[in-house]
Every structure is written in structure tokens, then in C-alpha cells.
Amino acid sequence: MVRQGAAVFGYVDRCPHMGLPLAQTLDAYLTPDGKRIACSWHGAIFDMGDGQCLGGPCIGQRLTPWPVTVRNGAIVTA
């Protein structure tokens, strides 16, 4: 799950390029500026809002969505 302002987005923790988890280090899912999701294995960069690959080896693919919602201030899977 990632948060961008008040918006929350959930994605399966797998890069579409090779199916590896996105982060090699626990919770290290974002680019250094915190604006995009990054795969630490091969450098793919994804849009937070729709999971679209913006750069790297899986251009044209996207992360698989995972349903999340905010309930009473807590982020939960739907």
C-alpha cells in the first residue's frame, strides 16, 4: 500500500517484469523523492495512482491492483 496525500493505493508486491517483490529492503518501495513506486531489482518506475510502468524493463505493463480502503483513519484491505 502507498499513500499520496489523502489517496491510498494498493498493489500486489510483484514487479510485472520478473515477478520479484518490488523492494529488496522492507518498506523501501518509493523513489528517493517519494513520488513514484520503484522496483529495486531492475529499476522499473511506476505511477502511484494507476500502477503504470513509466520507465525500466516493463514499459507498457502495470502493477496488479490490490483493494484497499481507509476505515476510521486506518488503511485496510477491502
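In this text the structure is predicted, and so the values were computed from the model without any measurement.

### Re the nonpolar core
Move 1: With 13 residues, the main nonpolar core has Cys-15, Leu-22, Ile-37, Ala-44 and Phe-46 as its most contacted residues.
Move 2: Not counting residues within four places of it along the chain, the set of residues in contact with Cys-15 comprises Leu-20, Leu-22, Cys-39, Ala-44, Phe-46 and Cys-58.

### Things to note about the pattern of salt bridges
Move 1: Under the definition given, this model contains one salt bridge.
Move 2: For Arg-62, the salt bridge identified is with Asp-50, shortest N-O distance 3.9 Å. Taken together, the residues span a long stretch of sequence, with Arg-62 in the loop between strand S5 (53-55) and strand S6 (68-71) and Asp-50 in the loop between strand S4 (45-47) and S5 at a distance of 12 residues.
Move 3: Judged by relative accessible area, which is 42%, Arg-62 ranks as partly exposed.

Cut-offs and rules
- Residues numbered from 1 in each chain as written.
- Predicted model: local features only at pLDDT ≥ 70, side-chain atom pairs only at ≥ 80, totals over all residues.
- Heavy atoms only, no water.
- Core = buried A, V, L, I, M, F, W, Y, C linked by side-chain atoms within 4.5 Å.
- Buried < 20%, exposed > 50% of the residue type's maximum accessible area, 1.4 Å probe, protein only.
- Contact = heavy atoms within 4.5 Å.
- Salt bridge = Lys/Arg side-chain N within 4 Å of Asp/Glu carboxyl O.
- Helix = DSSP H or I, 4+ residues; strand = E, 2+ residues; numbered from the N terminus.

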